[in-house]
Amino acid sequence: MTSNSAKANGNKTAPNFIREIIEKDLTTGVCTKVVTRFPPEPNGPLHIGHAMAVNIDYGMAREFNGEFHLRFDDTNPTKEEPEYIDAIKEDVKWLGANYGEHLYYASDYFDQMYDWAVELIKAGKAYVDSLSPEEIRRYRGTDLSDIKPGEKIETKPGTDSPYRNRSVAENLELFKRMRKGEFSEGECVLRAKIDMAHPNLNMRDPIMYRIVNAPHYRQGDNWAIYPSYDWAHGLEDTIEGVTHSLCSIEFENHRPLYDWFLDELAKITELPARPRQYEFSRYGIGYTLLSTRKLRLLVEKGLVRGWDDPRLPTVAGIRRRGVPPEAIRLFCERVGVGHGASTIDIAVLEFCIRDYLNKVAPRAMAVLRPLKVVITNYPEGEEEELEAVNNPEDESAGTRKVPFSKVLYLERDDFMENPPKKFFRLAPGREVRLRYGYFITCNEVIKDNEGRVVELRCTYDPATRGGNAPDGRKVKATLHWVSAAHAVDAEVRLYDRLFTKENPLATEQGKEWTDNLNPDSLTTLATCKIEPSLADFRAGDRCQFERQGYFCVDPDSTPAKPVFNRIVTLKDEWAKIRQQQKK
């Protein structure tokens, strides 16, 4: 379904139920200081779904003058890579989330987690199970949580493992041997002893530790067993003093287990804190995939140019494309924090990007598909400078000088030899305005041997300098341009949506989701002409190409050949396409 919490016009901040919970907790004395955390697993780069979670976690801590932690959930040595640690730290900082000195790793708590597991064994609340992984799955029975309301199907509870009633002494000895590496992978696991008939499958004697014969990137060969996320999650939170453990909605069925572990431990030992888990909406975004596994497939198959490809929803890709972090925060604020799962119209995100950049991005002129124009009555060899506004939304941005000369470049799409009705731009015999410049009239069209227009010959009215005619005559179009003598050659990459379908996974029979990739998601224009002021831009600098869209300098850029990425168009072109399709 599509969320109604934020409309494409983006004019209203949506509600946030977590804010209400925190306000109540502070008022009633449940906590005196808010502590939140963002706990990524270092098995891949962050994407915009993670960015939304960071915004919630950090946003709540900042709003209530609390504390924000970045904690790496590094409990699976076979999937985690050190390279992702630095990438995630960079992404979190770029998003504006300041964790300061509060950088933590789950692996630092392995000793404490192990000691607490021993305490649960001693209390008769955990046991070593020697069933195979396949047998464990079979013994768990039917997952009642998957049954829809009102649905009538035969279900059955799980079955107790034959090893469930091992003695405390035997379990302690086996668990010690597991840690020493005396068993092979899958030979045994440590499970919590809860209820094999519980309607929530997560409560049917969940696994706390499994054997993994792999070194840990921080712990080396110190461990042969590693904690499950469900066992580690609440323990990490209590060690760090987290007050509000904020998770996306898929962890809702895990909350009873989160509470069970903490409550049972609290009966036998004193815990540093008692955190509470709260779940918020997991949002999807139209025409986008937020699955790290599927994004990895695109990268590994070479369907995109790496994790920082500007078409990807990874934070690295978003950053390279030129989307400012402020626009991401604005998007998150307008979407709000709900409780459920929904898909947000990508137009909301694009609106927020435009809305922010419109206020801060300097303007410039760039001709992407140049067509040569000669002003025949302009004095030979003469040049002048015209004053141009840097940002009409920001008076303090001032003005700049733009060179003007006899030969110019116009946008090829701004001319038609035989224009239809409602085409008001340049055509034979027609007069238009040049931005910040003069009125010009097209008098002659020059073509090559194949009949392709290669040059226009025009005249200008010297009295219209600045864009107004003394006699009061009006024109219906104002065109951007670049002086040929001063133009800087540039490459421009026009990025569009990566998929052609709002739901990229919706496929026809016999098709794969990769068949929904948009073949026009990247168009590279190698012969663009930009005004000279843009030559001073550096990687990451943003601007608006007038009448074209918002652009950012790519890291591939060099002084000899600037490269610009299109961040977003000035208007929602896809809205027009959808309207045409409906007709």
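Here's what I pulled together on the structure shown here. Bear in mind the structure is a predicted one, so any value in this text is a computation, not a measurement.

About the cut-offs
Position numbers for residues start from 1 in each chain and track the written sequence from start to end. Reporting of local features is limited, given that this is a predicted model, to residues whose pLDDT is at least 70; pairs of side-chain atoms are given and counted only at 80 or more, and all residues count toward the totals for whole chains, interfaces and linings. Values shown for side chains rest on all heavy atoms present in the structure; no hydrogens or waters enter the calculation. Labels follow the DSSP assignment, with helices taken as runs of H or I lasting at least four residues and strands as runs of E lasting at least two, numbered in each case from the N terminus. To sort residues, take the accessible area from a 1.4 Å probe on protein chains only and compare it with the maximum for the residue type: under 20% means buried, over 50% means exposed, and anything in between is partly exposed. Here, residues are in contact when the closest pair of their heavy atoms is within 4.5 Å. Counted charges follow a simple rule, with Lys and Arg positive, Asp and Glu negative, and His plus the chain ends left uncounted. The atoms used to mark charge sites are NZ of Lys, CZ of Arg, CG of Asp and CD of Glu. Here, any two strands with at least 2 DSSP bridges between them count as paired. To obtain an axis, a line is fitted to C-alpha atoms, over the contacting stretch when the element is a helix, and the angle between two such axes runs from 0 to 180 degrees between their N-to-C directions. For any helix crossing, the convention is left-handed if the near helix is rotated counterclockwise from the far helix by under a right angle, and right-handed if that rotation is clockwise. Under this grouping Gly is polar, as are all residues other than the nonpolar Ala, Val, Leu, Ile, Met, Phe, Trp, Tyr, Cys and Pro and the charged Asp, Glu, Lys and Arg.

Here the focus is the overall build of the chain. Check the secondary structure of the chain and you find 13 helices and 27 strands. Summarising its shape, the C-alpha atoms of the chain cover approximately 100 × 55 × 50 Å along the three principal directions. Scored against the burial criterion, the 583 residues of the chain give a buried share of 51%. Across the chain, the fraction of contacts at a sequence separation of at least 24, relative to all contacts at a separation of at least 6, is 72%. Here the chain contributes 83 positive and 91 negative side-chain charges, whose respective centroids are spaced 5 Å apart.

The alternating pattern of strand β11 (residues 341-344) places Ser-342 and Ile-344 on a buried face, while none of Ala-341 and Thr-343, on the opposite face, is buried. Sheet topology note: the strand β10 (residues 282-285)/β11 ladder contains four bridges and is parallel. Note on β11: the bridge partner recorded for Tyr-283 is Ser-342.

When you line up the elements, Ile-21 lands in helix α1 (residues 17-28). Residue classification places Ile-21 among the partly exposed positions, given a relative accessible area of 21%. For the pair Ile-21 and Phe-439, spaced 418 residues apart in sequence, the C-alpha to C-alpha distance is 62 Å. Those residues in contact with Ile-21, other than ones at most four positions away along the chain, are His-244 and Tyr-278.

The next subject is the packing of α1 against helix α2 (residues 48-63). Two quantities define a packed helix pair, namely the angle between the helix axes and the distance between the axes. Put simply, α1 and α2 touch, their axes get as near as 11 Å, and they point 40 degrees apart. Considering only the axes of α1 and α2, their crossing is right-handed. In contact with Ile-18, Arg-19 and Ile-22 of α1, α2 contributes Ile-56, Met-60 and Glu-63. Tallied by class, residues from the contact of α1 with α2 come to four nonpolar, no polar and two charged.

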